[in-house]
Amino acid sequence: MIVVTGATGNVGRPLVRALAEAGERVTAVARRITEVPEGVRCCEADLFEPESLRVALEKARDLFLLTPGSFMAAGGRLGGLLDIVRSSGVQRVVLLSSQGVATQRHSQDIEDAVVRSGLEWTILRPSGFYSNALRWSEEVRARRVVRAPFGDVGLPLVDPADVAEVAAVALRCTGYERRTHTLTGPEAISPRMQAAVIGAALAEPVRFAEQSRAEAREMMLRGMPEPVVETTLDILGEPTRTEQLVNPEINSLLGRRARTFAEWTSRALAAFK
């Protein structure tokens, strides 16, 4: 049995589907979950309440662990949760971390806890997701405009579906234990370039309107903790050289090139129409 936390999210949803299609027994876990592929068991649980995971972990061999951005900001710690994971008989954890750990933008505490847990582990460190562009969908639909800061700063964002495919490989196959993988897309792309790609997919011009950092911060604070907002803006505005590098690991892990932002946009186009 493979347990997938965060099963309703941008990575968890395609991961559950990929595992189910591969014939794996899967338990999908989220705070609220109703729709899952046929044959997938679903359990409602909350990482802030580790005891709520016990039922989901029954007969589990592997765990995909995704902690929300608010987890560390709210003082969350993995020690008690990992004790429950280990006592349930789980043998391996695949952790969805962040490229920001490698560049010291984000805390290493969660990775360290997994490494010290006594379980086999694989750590995935993706860059920012293409799906973050969905925050522009309402204004694109209504006014054909994208508002974002740092319009010409490019980063090698990644398709969350690619991250899900890598996670599926790490959960199903041997040889990935005690390894850390940095996952990026095939090219750096700026917000202005993203707006142009969305416009091309719509066959209509989409205007780019650059925000100030203060304007972007005010908007982001509506849905994100302040420390997460500040770190995100630092990465978007002044990325390190490492954060701007394209990493080829997806190509080698999946045997194909990483998907482009244009390919993601074609799948998500309905959100922008």
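Residues numbered from 1 in each chain as written. Predicted model: local features only at pLDDT ≥ 70, side-chain atom pairs only at ≥ 80, totals over all residues. Heavy atoms only, no water.

### Quick look at the packing of aromatic side chains
Under the convention used in this document: A pair of Phe, Tyr and Trp rings is counted when the ring centres sit within 6.5 Å of each other, with Trp represented by its six-membered ring. The angle between the planes then sorts it: under 30 degrees is stacked, over 60 is edge-to-face, the rest tilted. Only DSSP runs of H or I covering at least 4 residues are called helices, and only runs of E covering at least 2 are called strands; the numbering of each starts at the N terminus. Each residue is placed in one exposure class: buried if its accessible area under a 1.4 Å probe, protein chains only, is under 20% of its type's maximum, exposed if it is over 50%, and partly exposed if it falls in between.
In this structure the tally under the stated criterion is three aromatic pairs. On the basis of an interplanar angle of 80 degrees and a centroid distance of 5.5 Å, the ring pair of Y130 and F261 is categorised as edge-to-face. You can see Y130 sitting in the loop between strand 6 (120–126) and helix 6 (137–143) and its partner F261 sitting in helix 13 (residues 261–268), a full 131 residues away along the chain. For the ring pair F261 and W264, a centre distance of 5.5 Å and an interplane angle of 25 degrees mean the geometry is stacked. With F261 and W264 both in helix 13 and three residues apart, the pair spans about one turn of that helix. Comparing F261 with W264 shows no difference in burial state: the two are buried.

### Observations regarding the sheet that holds strand 6
Paired through backbone hydrogen bonds, the strands of a sheet run either parallel or antiparallel to each other. Threshold: Here, a strand pair is defined by DSSP locating no fewer than two bridges between the strands. Helix axes are fitted to C-alpha atoms over the stretch in contact, other axes to C-alpha atoms as well, and angles between N-to-C directions run from 0 to 180 degrees. Every residue pair with non-hydrogen atoms within 4.5 Å of one another is taken to be in contact.
Spatially, 3-2-1-4-5-6-8 is the arrangement adopted by the seven strands of the open sheet, whose pairing is parallel. The open sheet terminates on both sides in strands that have one partner only, identified here as strand 3 (41–44) and strand 8 (179–183). With strand direction ignored, the average angle separating the axes of adjacent strands in the sheet is 15 degrees. Looking at chain direction, strand 6 and strand 8 are connected through five bridges and run parallel. Bridged to T122 within strand 8 is R179. Packing against the sheet, helix 1 (residues 12–21) makes contact with strand 1 (2–5), strand 2 (26–30) and strand 4 (62–66), and its axis sits at approximately 165 degrees to strand 1. Those strands touched by helix 7 (residues 160–172) are strand 1, strand 4, strand 5 (92–96), strand 6 and strand 8, and its axis lies near 165 degrees from that of strand 5.

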